[in-house]
Amino acid sequence: MSPLVQAVRRFPNPRLTGLGSGLFCAASMFALACLDQLLFGASLVVYGVLFLPVCALTAVWVRRADLVTAPVAVPIAFAVGLLPIADSDGGIGGRLMGLFTALAMHAGWLYGGTLVAGLIVTVRKVRLMSRRAAQRRAAAAEDVRAPAQPRRRTV
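Remember, predicted model here, so these are calculated numbers, not experimental data.

Caption draft 1: Examining the overall build of the protein chain more closely. Of the regular secondary structure elements, the protein chain holds six helices and zero strands. Ordered by position from the N terminus, the helices and strands of the protein chain form the series α-α-α-α-α-α. For the protein chain, the proportion of its 155 residues judged to be buried stands at 27%. For the protein chain, long-range pairs separated by at least 24 residues make up 74% of all intrachain contacts whose partners lie at least 6 apart in sequence.

The structure is reproduced here in structure tokens:
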């Protein structure tokens, strides 16, 4: 087994619901943005780099039943996290203008993180579907191999 696979298996294995994964991603990005504001003076490049692993963790930790929600929650979390670090001239209008400007200027990070989450979720879904198909084939083969039992008539 490769060292990368061994390292990934050491990670915690939580299973978040769709809402939980969205809250995890949004809260993580907001906290990282506040940390970025304190340490790096609101560097959007640092924020973008930190966004990618959060996207990957969100896609890995979401439950199988809620796989579709990860690529949807990730862009929302990116926007939520931009609130503390977006430039503003004061007031709600200035804050919104800074948010929209940051979203437009750093859309590459947004697309990249969404792509990372989408790819991880797609691979997980394909593996899940192939595992289910193999289980159905095994069950069907077991039914074919089982000898037919004579039916008893009850009177």
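Following the structure, the description resumes.
Caption draft 2: Region of the structure containing a positive patch on the surface. Where like charges cluster on the molecular surface, the positive patch consists of Arg 15, Arg 64, Lys 125, Arg 127, Arg 131, Arg 132, Arg 136 and Arg 137. Mapping Arg 132 onto the fold places it in helix H6 (residues 107-145).

Caption draft 3: Local environment of the packing of aromatic side chains. This structure, assessed with the given rule, holds three aromatic pairs. On the numbers, 5.2 Å between centres and 50° between planes, the contact of Tyr 47 with Phe 78 is tilted. Pair noted here: Tyr 47 is in helix H3 (residues 44-61) and Phe 78 is in helix H4 (residues 69-82), with a separation of 31 residues, a long-range link. Accessibility classification places Tyr 47 together with Phe 78 in one group, the buried group. Plain terms: the ring middles of Phe 51 and Phe 78 are 4.7 Å apart, the flat faces sit at 65° to each other, and that makes the pair edge-to-face. Remark: Phe 78 occurs in helix H4 and Phe 51 occurs in helix H3; sequence separation between them is 27 residues. Taking relative accessible area as the criterion, Phe 78 reaches 1% and is therefore assigned buried. Through pairs of rings, three or more aromatic residues link up here, namely Tyr 47, Phe 51 and Phe 78.

Caption draft 4: Fine view of helix H5 (residues 91-105). Counted at 1.5 Å a residue, the expected span for H5 with its 15 residues is 21 Å, and the 21 Å between its end C-alpha atoms agrees. What H5 keeps buried is the set Gly 94, Gly 98, Leu 99 and Ala 102. For H5, the buried positions fall inside an angular range of 135° around the axis, keeping them on one side. Residues of H5 that are exposed and angled more than 90 degrees away from the buried face: Ile 92, Gly 93, Met 97 and Ala 104. Looking at the buried residues of H5, the elements they touch are H3 and H4.

Caption draft 5: Region of the structure containing the environment of Ala 56. Relative to the helices and strands, Ala 56 is located in helix H3. In sequence terms Ala 56 and Val 74 are 18 residues apart; their C-alpha atoms lie 9.6 Å from each other. Excluding anything up to four places from it in sequence, Ala 56 contacts Val 116 and Ile 120.

Caption draft 6: Local environment of a nonpolar patch on the surface. Together, Leu 35, Leu 38, Leu 39 and Phe 40 line one region of the surface with nonpolar side chains, adding up to about 460 Å² of accessible area. Relative to the assigned elements, Leu 35 resides in helix H2 (residues 18-40). Using a relative accessible area of 42% as the deciding quantity, one classes Leu 35 as partly exposed.

Conventions adopted
Residues numbered from 1 in each chain as written. Predicted model: local features only at pLDDT ≥ 70, side-chain atom pairs only at ≥ 80, totals over all residues. Heavy atoms only, no water. Helix = DSSP H or I, 4+ residues; strand = E, 2+ residues; numbered from the N terminus. Buried < 20%, exposed > 50% of the residue type's maximum accessible area, 1.4 Å probe, protein only. Contact = heavy atoms within 4.5 Å. Patch = residues over 30% accessible without salt bridge, like charges linked within 9 Å, V, L, I, M, F, W, Y side chains within 5 Å. Areas by Shrake-Rupley, 256 points an atom, 1.4 Å probe, with all protein chains shown as cover. Salt bridge = Lys/Arg side-chain N within 4 Å of Asp/Glu carboxyl O. Lys, Arg positive; Asp, Glu negative; His and termini not counted. Charge placed at Lys NZ, Arg CZ, Asp CG, Glu CD. Phe/Tyr/Trp six-rings, centres within 6.5 Å; stacked < 30°, edge-to-face > 60°. Expected span 1.5 Å × (residues − 1). Arc of directions from axis to C-beta.

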